[in-house]
Structures are given as structure tokens and as C-alpha cells.
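Summary of the model geometry
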Amino acid sequence: MPSKDKVAFFYDGDVGNVYFGPNHPMKPHRLCMTYQLVLSYELQKKMEIYRPHKAYPQELAQFHSADYVEFLHRITPDTQHLYAKELVRYNLGEDCPVFENLFEFCQIYAGGTLDAARKLNSKQCDIAINWAGGLHHAKKCEASGFCYINDLVLGILELLKHHTRVLYIDIDVHHGDGVEEAFYFTDRVMTVSFHKYGDMFFPGTGDVKAIGEREGKYYAINVPLKDGIDDASFTRLFKTIIAKVLETYQPGAIVLQCGADSLAGDRLGCFNLSIDGHSECVRFVKKFNLPLLVTGGGGYTKENVARCWTVETGVLLDTELPNEIPDNDYIKYFGPDYSLKIQNGNV
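The structure contained in this document is the topic of the report that follows. (Residues numbered from 1 in each chain as written. Predicted model: local features only at pLDDT ≥ 70, side-chain atom pairs only at ≥ 80, totals over all residues. Heavy atoms only, no water.)

Under the criterion given, the structure shown has 0 disulfides. Left unpaired, Cys-96 is separated from the closest cysteine sulfur, that of Cys-147, by 6.9 Å. Cys-96 gets classed as buried once you look at its relative accessible area, which sits at 1%. Left without a disulfide partner, Cys-270 is nearest to the cysteine sulfur of Cys-281, which lies 16 Å away. (Disulfide = S-S within 2.5 Å. Buried < 20%, exposed > 50% of the residue type's maximum accessible area, 1.4 Å probe, protein only.)

A word on empty space enclosed by the protein. Going through the model one piece at a time under the given rule, you end up with 4 cavities of 30 Å³ or more. Volume-wise, the largest cavity comes out at about 60 Å³. Residue lining of the largest cavity: Phe-9, Phe-10, Tyr-11, Val-15, Leu-31, Thr-34, Tyr-35, Asn-130, Trp-131 and Ala-132, and that is the complete set. The element that contributes the greatest number of residues to the lining of the largest cavity is helix H1 (residues 29-40), accounting for 3 residues. The class makeup of the residues in the lining of the largest cavity is 8 nonpolar, 2 polar and no charged. Taken as a whole, the second largest cavity spans an internal volume of roughly 40 Å³. (1 Å grid on protein atoms, 1.4 Å probe; cavity = no way out; pocket = protein on both sides within 12 Å on 5 of 7 lines; lining within 4 Å. Points joined across faces, edges and corners; volume = space filled by probe spheres on them. Helix = DSSP H or I, 4+ residues; strand = E, 2+ residues; numbered from the N terminus. Nonpolar A, V, L, I, M, F, W, Y, C, P; charged D, E, K, R; others polar.)

Assignment of secondary structure puts His-24 in the loop between strand E1 (7-10) and H1. Each C-alpha atom, one on His-24 and one on Val-88, is 19 Å from the other, the two residues being 64 residues apart in sequence. Excluding residues that lie within four positions of it along the chain, His-24 makes contacts with Glu-94, Asp-95, Pro-97, Phe-146 and Arg-267. (Contact = heavy atoms within 4.5 Å.)

This is how it looks when you write it as C-alpha cells:
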């Protein structure tokens with residue numbers, strides 16, 4: 001059955017060619033793998049694919065401080081030794097290294113989320129997907145947790161030009177701290193984050209007691225979870241909370257961050273979700289038929305990230321995908337069984 005929803009998909013192959021460094025868990029190459037898997041299932045025939053514009057510095061400065069944006073623009077691996085003080089100030093270093101084409105990388109993933117929001121605002125699509133986006137830890141004046149520019153905040157600000165209220169939902173294993181912080185004092189954005197909390201787990205925020213302040217009081221919801229949560233517990237919590245949030249908050253649009261580090265077997269994560277459990281959350285949010293912006297996020301076992309986001313692209317297109325992965329440029333990564341679904345239980 002063809003999808004009734006019009007879906008726009010944003011992708012620029014250059015985003016997958018950047019390299020954070022040899023021992024860094026973030027591998028943007030996972031985005032090339034995702035795209036090839038999407039093509040191998042011929043999902044491009046059911047949606048429109050766009051190459052996003054590279055966000056301009058002034059667009060990035062709609063949220064970030066101009067001096068921080070300017071610094072990201074200027075710094076290169078060859079010149080970073082000249083800027084020791086600034087590297088500390090802007091939190092660049094081990095987690096957030098300076099690498100070749102860093103600024104262009106930020107421009108592409110942020111441009112994708114901005115374009116996705118604008119397509120939704122102009123009613124040219126019902127669902128917009130940018131798997132390169134979802135970098136939810138970046139702050140106004142500093143990088144954090146592998147994130148430099150917070151594309152989600154920029155996308156939400158764009159949606160707020162057309163919608164009184166926007167709902168942000170985050171199923172990454174890490175707390176969506178940068179997005180929560182940006183909108184902590186307003187009732188125009190409700191943030192709902194499901195994440196691992198405790199045991200010094202990054203970023204250390206996201207206690208159930210953090211609920212927003214001033215006009216934003218009760219408009220931040222945190223669902224702190226323990227290691228090893230499974231599909232049944234996670235989806236039951238997710239559906240109960242999200243259904244109630246939608247009933248009471250009545251947003252005009254939804255932004256869904258689908259970090260895949262909440263899957264079983266992730267290199268940095270500690271949850272026990274299967275792709276079925278993770279994608280069930282996407283299916284549930286889609287049912288509300290509101291303008292929907294979907295992004296990626298974390299995810300450090302890259303073949304599983306590609307599997308997950310391909311399945312979720314299928315979900316957004318109302319398309320069930322056969323479990324046997326069709327031949328593609330990265331087929332060797334999906335051995336030995338070459339199947340699309342991973343089970344939970346392999347933490």
C-alpha cells in the first residue's frame with residue numbers, strides 16, 4: 001500500500017566522508033551505509049530525496065553565539081595549536097575533536113534539519129527525515145558529546161515560526177540536554193527525553209525532577225531509565241507518556257530524535273532494545289498525523305544504526321521491508337546472516 005503521507009528525505013554524501021579520528025566512536029560513514037541500504041530496498045521510489053543546502057553562519061547563529069560559530073568556521077587541525085584558550089572555552093578536544101572539514105560537516109547536517117523544517121512549514125511534505133541530524137548535546141556557546149551545532153534547536157526555532165507549540169521527543173540513550181536547556185524557560189516547546197540516568201552516565205542530567213522553570217515549568221519531561229531496559233518496558237512507557245503528552249499539550253508539529261545508541265549491542269549504549277522496539281516508537285508517533293521532523297542522533301555500532309534507520313524510513317513510508325538485505329555497496333558489513341532485524345539480548 002503506498003504511503004498517504006508525503007515524505008521528504010535529506011541526504012548529502014559528503015557528510016559520510018568526514019573522519020573524527022582513529023579511536024573516536026562517532027563514525028559519520030554510518031550515514032553512507034544507511035543511504036545505500038535505503039536505496040537497496042528501493043525506498044527512494046516512495047519519497048522525494050533532496051540534497052540540503054549548507055547552512056550559512058548567520059543561520060547557525062539563530063541559536064549559537066556568533067563568536068562560537070565564527071571559531072568553528074576558522075579552526076582547522078593545522079591551526080588548532082594556536083588557539084589553546086579557545087579550545088578550552090568552546091569545549092573542543094577529545095570528545096569533540098577538530099578535524100578536516102568540521103565546519104562543512106556542521107553546515108550539511110544543520111542545513112538538512114533546517115530544510116526539513118522549512119519543507120514542513122510550507123506544507124510540501126508531511127514527514128521530513130534527516131538521519132545526519134539529531135546532534136542534541138551542543139550548547140549555545142560550546143560543543144559537547146560529539147555535537148558541535150545543535151541542528152534540533154535550529155529546526156525547532158524554524159517550526160516555531162509557523163506553530164504555536166512544538167513537541168520534541170528523544171529516544172537516544174543519552175539525555176537530550178542541549179535541546180532541553182535551549183527551551184527550559186518556555187512553554188512553546190515541550191521536551192520529552194527517554195534516557196539512561198545514573199552511574200555517571202553522560203551527560204549526567206535528565207533527572208525526573210528536572211521539569212522546566214518559569215514559563216517552561218512542567219514543559220520538560222525526563223524519563224530516567226536503568227541499564228538493560230527491553231522492548232516491552234520501553235514501548236509501554238513511551239506510548240503511555242507520549243499519548244498523554246499529545247492529548248494535553250496538543251502541539252502543531254513534532255520533532256523526533258531517533259538516536260540508535262539505545263539499541264542492544266551498541267558500543268556506548270546500555271539498553272536492550274531490538275530494532276522492532278525502537279521503530280515501534282516511530283510508528284506510534286507517526287499515527288498522530290502531525291507534521292513530523294525525524295532525525296538521527298547517537299549510534300555507535302554502525303551496521304545496526306544503518307539497519308535501524310532504514311527500518312524506520314520504511315515505517316515512515318508504511319512499507320514493511322523483507323528481512324534479507326538486498327545486495328548493496330556495504331553488504332559485507334551485514335554478514336554473516338545479512339538480515340535486517342537484530343534481536344535484543346546481545347548486550
